[in-house]
Amino acid sequence: MPEWMKESSTSFEPNKKETFMLKNRKGILFLLNKFQVSGKRNKTILSDIHPAIQLISTFLLIVLISTTQKVLVLWLVGIYLGMLLLVEKPTILRNIVKKASILILMPLIIYLPIFFLGQFSLLFIVHLFFLAIAISQYMETTNMNQFIAALKIFHFPNIILLQLDITIKYIFFFGNLLIQLLAAVEARAVGGNIQLSTGSNLISLISLKSFTYGEKLDMVMEARGYTGQYYRVKQPLKTKDFLVSIAYLLFFGGLLYLGRN
């Protein structure tokens, strides 16, 4: 009987230069969850608002934060964002803070040399912080289907919407395939050191799988009568949507007026 079969525990020790994906399987799985397309969304005070209204209000808020130089306007925007955060559930609030921290990290790193040169601007940091909060709040409370539906309402080209939708689904689908392949490699790596070109082999398999999947997807779309149009489920505006729209118009109009004076 081979010596390795007498051991009580077995371990997989491939070439150290080729174990990056194996060692970071949990990290890959964490990233995949960010691309998972789900029909569910977190319930918030604005959950029932029409997706188009949410998108345009977030866009206007981002433009306003980016362009204003008035401290009073920033104070009012900060109060508005603070009110949105206060009404969120603790789990949603925690996710928003995490997303905002990730979004603001890289700009702050890039801004560090300016800070050390003595040209630090507190107003710029406030802008970054508010932008990160606004974007994170929208990302946390709106799923990809609602985002694409809102873009369709604003007459974005069908080809762009189709590519965006398929790209997100491709990332999640082939990411799951990668996780399964990594698990299979670990399951079969019994009996000592096995030299595997893990990275190149897995990338080749996924590339071949993507070509096959793309051909099948094209055949399925043709069989279902796809004509190049990206259809959406019509969602009529409710009374609540009109009231929120009026409130947003008054709010942003007032901020623009204060910003000009």
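No experiment lies behind these values; they were computed from the predicted model shown.

> Help me out: how do you make sense of helix H6 (residues 90-116) in this one?
Counting along an α-helix, one turn takes 3.6 residues, and residues three or four places apart therefore face a common direction. Between its first and last C-alpha atoms H6 spans 36 Å; for 27 residues at 1.5 Å apiece the expected length is 39 Å, and the two agree. Within the span of H6, buried status applies to Ile 92, Ile 96, Lys 99, Ala 100, Ile 104 and Tyr 111. Two residues or fewer past H6, Gly 118 is found with a positive phi of approximately 85°.

> So what exactly am I meant to see when it comes to the environment of Ser 245 here?
Checked against the element boundaries, Ser 245 lands in helix H11 (residues 239-260). Note on Ser 245: relative accessible area 24%, which makes it partly exposed. With 196 residues separating them along the chain, Ser 245 and Ile 49 place their C-alpha atoms 9.5 Å apart.

> Just to check I follow, could you spell out the pattern of salt bridges for this structure?
Side chains carrying opposite charge are able to pair once their charged atoms draw close together. Taken as a whole and judged by the stated rule, the model has one salt bridge. Residue Glu 140 is joined to Lys 99 by a salt bridge in which the shortest nitrogen-to-oxygen separation is 2.7 Å. Of this pair, Glu 140 sits in helix H7 (residues 122-141) while Lys 99 is found in helix H6, placing the two residues 41 residues apart along the sequence. An identical accessibility class is assigned to Glu 140 and Lys 99; each is buried.

> What exactly am I supposed to notice about the UniProt feature "transmembrane region" (unreviewed entry) in the protein chain here?
Following the UniProt record, one finds the feature "transmembrane region" (unreviewed entry) at residues 45-65, 71-87, 108-139, 159-179 and 242-259. What you have in residues 159-179 is 100% helix and 0% strand, and the ends, taken at the C-alpha atoms, are 30 Å apart. Counting secondary structure, residues 242-259 comes out at 100% helix and 0% strand; the distance between its end C-alpha atoms is 25 Å.

> Honestly, the environment of Val 77 in this entry has me stumped. Any pointers?
Within the fold, Val 77 resides in helix H5 (residues 71-86). Beyond its immediate chain neighbours, meaning those up to four positions away, Val 77 contacts Leu 61, Leu 64, Ile 65, Phe 130 and Leu 255.

Parameters and conventions
Residues numbered from 1 in each chain as written. Predicted model: local features only at pLDDT ≥ 70, side-chain atom pairs only at ≥ 80, totals over all residues. Heavy atoms only, no water. Helix = DSSP H or I, 4+ residues; strand = E, 2+ residues; numbered from the N terminus. Expected span 1.5 Å × (residues − 1). Buried < 20%, exposed > 50% of the residue type's maximum accessible area, 1.4 Å probe, protein only. Salt bridge = Lys/Arg side-chain N within 4 Å of Asp/Glu carboxyl O. UniProt positions renumbered as here; feature names shortened; annotations may be inferred. Contact = heavy atoms within 4.5 Å.

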